[in-house]
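The chain contents come next:
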Amino acid sequence: MSEAADFGRIVLIAAVGFAAAILSSRISERLRLPAPALFLAAAAVASDLVPGLGDVLSVRDVERIGVVALIVILFDGGLQIGWARARQSLMPIIGLGVAGTFAVAGLIAIAMHGPFGLSWTSALLVGAALAPTDPAVMFSVLGGREVAGRSGVILQGESGANDPVGIALMLGLLEVATADGSWSTIVVSFVVAMAVGLAVGVLGGLLLARLIRRHALPDAALYPLQTLAAAGIIYGLASVLHGSGFLAVFVAGLLIAEVRAPFKVEIVQFHTALASLAEIVVFVALGLTVQLSALDRHGVVIDGLLIALLLTFVIRPAVVVALLAPVRLARGEKLFVAWAGLRGAVPILLAAFALLEGAPDARRIYGLVFVVVMFSVVVQGTLVQTIARLTGVPMQRVAQDPWK
């Protein structure tokens, strides 16, 4: 009975924490603070206050949790956007998602190598980690809100597109930093990853669409599970073929969103709920790996805040304005896109890759990325609605009927 009681205590603690995370959404709504910020901060504080809590999960465990969560979140992101909406803003999404990621990573690396004194290798790793915006935070901030114009779709599409780019860039840089890789290897690996990921995503999305439309299942509850299994297969197949599994599941989600299929509403609702669960789990897991008491060593907090200010007010706006210059978009919408590119779980996950591979300055890189992410979700995320109002971008919460 003692074993049952011990396991029951674990279940109780996990369930109470999960319930508290769900209820905290009310607090985040009142404070206009993104819910991921609360999850991340609460877990980081708890890991310092409760001895041994930070050792529950290893960095390897957190990496795997993050990968699974990102699969779920990106597939749901594709479902929420849909190919029809993404196609109308395809060029700015690709521009910001690909060229923008490289530009931001390069500019951050230049800044980190000079005033902050990091080697070029470490500076590039920081740039690659901080370049992607985060789909979990973006869908959390913009989800349930109606944003006029194309800026909302551009932000959500960019966050889905630049994650595969940032991950491929980070993995290539780590190969150069820790092995005998070369810069040409990065280019070849990146092109292969994007091409294979895109091909598997399109093929997988089309096959899944045909499957759910033409093959009936005996129970309505099986349809969402079928799409979930398919998302895992698409990711796994693309990864085995050395492609970007994250790009594949995002593209598949975009295509499935346009399919008229049985129990489509239930499928979408299931994946949205699962993505919310994945968001909570990944931010809590990432928060547990951070030791707040150790962040003040070597000036990590001050340096991280300086990087965050530079990224928010100089680098991101400059890149967005340059890449969106030829796009027919109101000036206010461009400024809104420049502000609302939020960082979140993906940058911390990329910094965890550096830790696992034993990259130079990996622990400091992890701390710097955490500080920048906290600044982004707390400061930028809290002010998203204010910036939307100041830039003239109508943004309002969509009224829901819970009894419908």
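Notes on the structure in this doc start here. Remember, it's a predicted structure, so these values are computed and weren't measured experimentally.

Cut-offs applied
Residues numbered from 1 in each chain as written. Predicted model: local features only at pLDDT ≥ 70, side-chain atom pairs only at ≥ 80, totals over all residues. Heavy atoms only, no water. Helix = DSSP H or I, 4+ residues; strand = E, 2+ residues; numbered from the N terminus. Rg over C-alpha atoms; globule rule 2.2 N^0.38 Å. Buried < 20%, exposed > 50% of the residue type's maximum accessible area, 1.4 Å probe, protein only. Contact = heavy atoms within 4.5 Å. Areas by Shrake-Rupley, 256 points an atom, 1.4 Å probe, with all protein chains shown as cover. Lys, Arg positive; Asp, Glu negative; His and termini not counted. Charge placed at Lys NZ, Arg CZ, Asp CG, Glu CD. Salt bridge = Lys/Arg side-chain N within 4 Å of Asp/Glu carboxyl O. Patch = residues over 30% accessible without salt bridge, like charges linked within 9 Å, V, L, I, M, F, W, Y side chains within 5 Å. Core = buried A, V, L, I, M, F, W, Y, C linked by side-chain atoms within 4.5 Å. Axes fitted to C-alpha atoms, helices over the stretch in contact; angles between N-to-C directions. Parallel < 35°, antiparallel > 145°, perpendicular 65-115°, else oblique. Nonpolar A, V, L, I, M, F, W, Y, C, P; charged D, E, K, R; others polar.

With that settled, the discussion passes to the overall build of the protein. Helix and strand counts for the protein stand at 17 helices and 2 strands. Relative to the 2.2 N^0.38 estimate, which gives 22 Å for 404 residues, the radius of gyration of the protein is 21 Å and therefore close to what a compact globule would have. The dimensions of the protein, computed from C-alpha atoms along their principal axes, are 65 × 60 × 45 Å. Sorting the 404 residues of the protein into buried and exposed places 51% on the buried side. When contacts within the protein are restricted to residue pairs at least 6 apart in sequence, those whose partners lie at least 24 apart make up 83%. Total accessible area computed for the protein in this model is approximately 18,600 Å², and 66% of it derives from carbon and sulfur atoms. Distance from the positive charge centre (26 side chains) to the negative charge centre (24 side chains) of the protein: 12 Å.

This part covers the pattern of salt bridges. Tallied over the entire structure, the rule returns 3 salt bridges. Between Glu158 and Arg316 there is a salt bridge whose closest N-O contact spans 2.7 Å. Taken together, the residues Glu158 in helix 8 (residues 151–178) and Arg316 in helix 13 (residues 300–323) connect sequence positions 158 residues apart. A relative accessible area of 4% places Arg316 in the buried class. Close ionic contact of Arg364 with Asp303 constitutes a salt bridge, the shortest N to O distance being 2.5 Å. Remark: Asp303 occurs in helix 13 and Arg364 occurs in helix 16 (residues 362–382); sequence separation between them is 61 residues.

Below, the discussion takes up a positive patch on the surface. A cluster of basic residues, Arg210, Arg213, Arg214 and Arg260, forms a positive patch at the surface. Mapped onto the elements, Arg260 comes out in the loop between helix 11 (245–256) and helix 12 (264–288).

Take the nonpolar core next. Judged by nonpolar contacts, the single largest core of 124 residues is most densely connected at Met112 and Phe336. In terms of residue count, the dominant contributor to this core is helix 16 (12 residues). Apart from the residues within four sequence positions on either side, Met112 is in contact with Gly117, Leu118, Ala123, Val126, Ile307 and Leu368. Listed in part, the 7 residues of the second largest apolar core include Val165, Ala168, Phe190 and Leu247.

Looking now at the side chain of Ser244. With respect to the helices, strands and loops of the structure, Ser244 is situated in the loop between helix 10 (222–240) and helix 11. Leave out the neighbours within four places in its chain, and Ser244 touches Pro164, Ala193, Met194, Gly197 and Ala238.

This next bit is on the packing of helix 15 (residues 345–356) against helix 16. Following both chains from N to C, one finds helix 15 and helix 16 inclined at 175 degrees, their axes separated by 9 Å at the closest point. It follows that helix 15 is roughly antiparallel to helix 16 by the angle criterion. On the side of helix 15, the interface is formed by Pro347, Ile348, Ala351, Ala352, Ala354 and Leu355, while helix 16 contributes Ala362, Arg363, Tyr366, Val369, Phe370 and Val373. Residue composition of the contact of helix 15 with helix 16, by class: 11 nonpolar, no polar and 1 charged.

Let us now look at the environment of Arg214. By secondary structure assignment, the location of Arg214 is in helix 9 (residues 183–214). Judged by relative accessible area, which is 59%, Arg214 ranks as exposed. C-alpha of Arg214 to C-alpha of Ala261: the two residues are 47 residues apart in sequence and 8.8 Å apart in space.

Coordinates in, geometry out; function isn't part of it.
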